[in-house]
Amino acid sequence: DRGMLDAGAVAVDTQEDRGRAYAHYLDALAGLPYFVGCHWFQYIDQAFLGRHDGFESSNVGFVDVTDSPYPELVNAASRANAFIYQSILAR
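*Asks:* I tried to follow the nonpolar core on my own but got confused; where do I start?
*Replies:* One broad trend across soluble globular proteins is that nonpolar side chains are buried collectively. Tyr22, Leu26, Ala30, Phe62, Tyr70, Leu73, Ala77, Ala80 and Ile84 form the largest nonpolar core, which has nine residues in total. Looking at this core, the elements that each hand over two or more residues are helix H1 (15-30) and helix H2 (71-82). Excluding residues within four positions of it along the chain, leucine 73 makes contact with Gln15, Arg18, Gly19, Tyr22, Trp40, Gly61 and Phe62.

*Asks:* Just checking my understanding: could you explain a nonpolar patch on the surface for this structure?
*Replies:* Taken together, Tyr43, Ile44 and Val65 make up a surface patch of nonpolar side chains, about 290 Å² in accessible area. Relative to the helices and strands, valine 65 resides in the loop between H1 and H2.

*Asks:* How should the confidence of the model for the protein be read in this particular structure?
*Replies:* Should pLDDT be low for a region, the predicted coordinates there are not to be read in detail. On average, residues of the protein score 82 in pLDDT, and 86% of them are at 70 or above. Within the protein, no element has a lower average pLDDT than helix H3 (residues 84-90), which sits at 78, and none a higher one than H2, at 94.

*Asks:* Sorry if this is basic, but what is going on with H2 here?
*Replies:* Structural remark: α-helix, 3.6 residues per turn; residues separated by three or four positions point the same way. When the terminal C-alpha atoms of H2 are compared, their 16 Å separation across twelve residues agrees well with the 16 Å that a helix rising 1.5 Å per residue should span. Along H2, the residues classified as buried are Leu73, Ala76, Ala77 and Ala80. All buried residues of H2 fall inside an arc of 100° around its axis, so they share one side. Contacts made by the buried residues of H2 are with H1 and H3.

*Asks:* Hey, could you run me through the packing of H1 against H2 in this one?
*Replies:* The packing of two helices is summarised by the inter-axis angle and the distance between the axes. Running from N to C, H1 and H2 cross one another at 25°; their axes reach a closest spacing of 8 Å. Here H1 is positioned roughly parallel relative to H2, judged by the angle of their axes. Handedness of the crossing formed by H1 with H2: right-handed. Of H2, the residues touching H1 (which contributes Gln15, Glu16, Arg18, Gly19, Tyr22, Ala23 and Leu26) are Glu72, Leu73, Ala76, Ala77, Ala80 and Asn81. Residue classes in the contact of H1 with H2 are distributed as seven nonpolar, three polar and three charged.

*Asks:* For this particular structure, what's the right way to read unusual backbone geometry?
*Replies:* Most peptide bonds are trans, and most residues other than glycine sit at a negative phi. The backbone of aspartate 67 shows a phi angle near 65°, a positive value even though the residue is not glycine. Looking at where aspartate 67 falls in the secondary structure, it is placed in the loop between H1 and H2. On the accessibility criterion, aspartate 67 (48% relative accessible area) is partly exposed.

Cut-offs applied
Residues numbered from 1 in each chain as written. Predicted model: local features only at pLDDT ≥ 70, side-chain atom pairs only at ≥ 80, totals over all residues. Heavy atoms only, no water. Core = buried A, V, L, I, M, F, W, Y, C linked by side-chain atoms within 4.5 Å. Buried < 20%, exposed > 50% of the residue type's maximum accessible area, 1.4 Å probe, protein only. Helix = DSSP H or I, 4+ residues; strand = E, 2+ residues; numbered from the N terminus. Contact = heavy atoms within 4.5 Å. Patch = residues over 30% accessible without salt bridge, like charges linked within 9 Å, V, L, I, M, F, W, Y side chains within 5 Å. Areas by Shrake-Rupley, 256 points an atom, 1.4 Å probe, with all protein chains shown as cover. Salt bridge = Lys/Arg side-chain N within 4 Å of Asp/Glu carboxyl O. pLDDT = per-residue confidence, 0-100. Expected span 1.5 Å × (residues − 1). Arc of directions from axis to C-beta. Axes fitted to C-alpha atoms, helices over the stretch in contact; angles between N-to-C directions. Parallel < 35°, antiparallel > 145°, perpendicular 65-115°, else oblique. Left-handed = near helix turned anticlockwise from the far one by under 90°. Nonpolar A, V, L, I, M, F, W, Y, C, P; charged D, E, K, R; others polar.

Structure follows, in structure tokens:
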């Protein structure tokens, strides 16, 4: 919903949905007995026009190409990460 040509690895409709998807991703991983950690693919969005072949113009970052954060994703990730250890220990 911010104008990127490609939605990323898993398409969602809004930035709020990206935040919810991140929280779900983290919670799902924490439920695995062999989970040791995870990472996010990319800190910054890919270039708007992508590569010469038209790929990699994705909305995949915590910030856009002007280094402006996506508050919906950042806030959801902050909340999810603040409670991840309690979530793991509770299982």
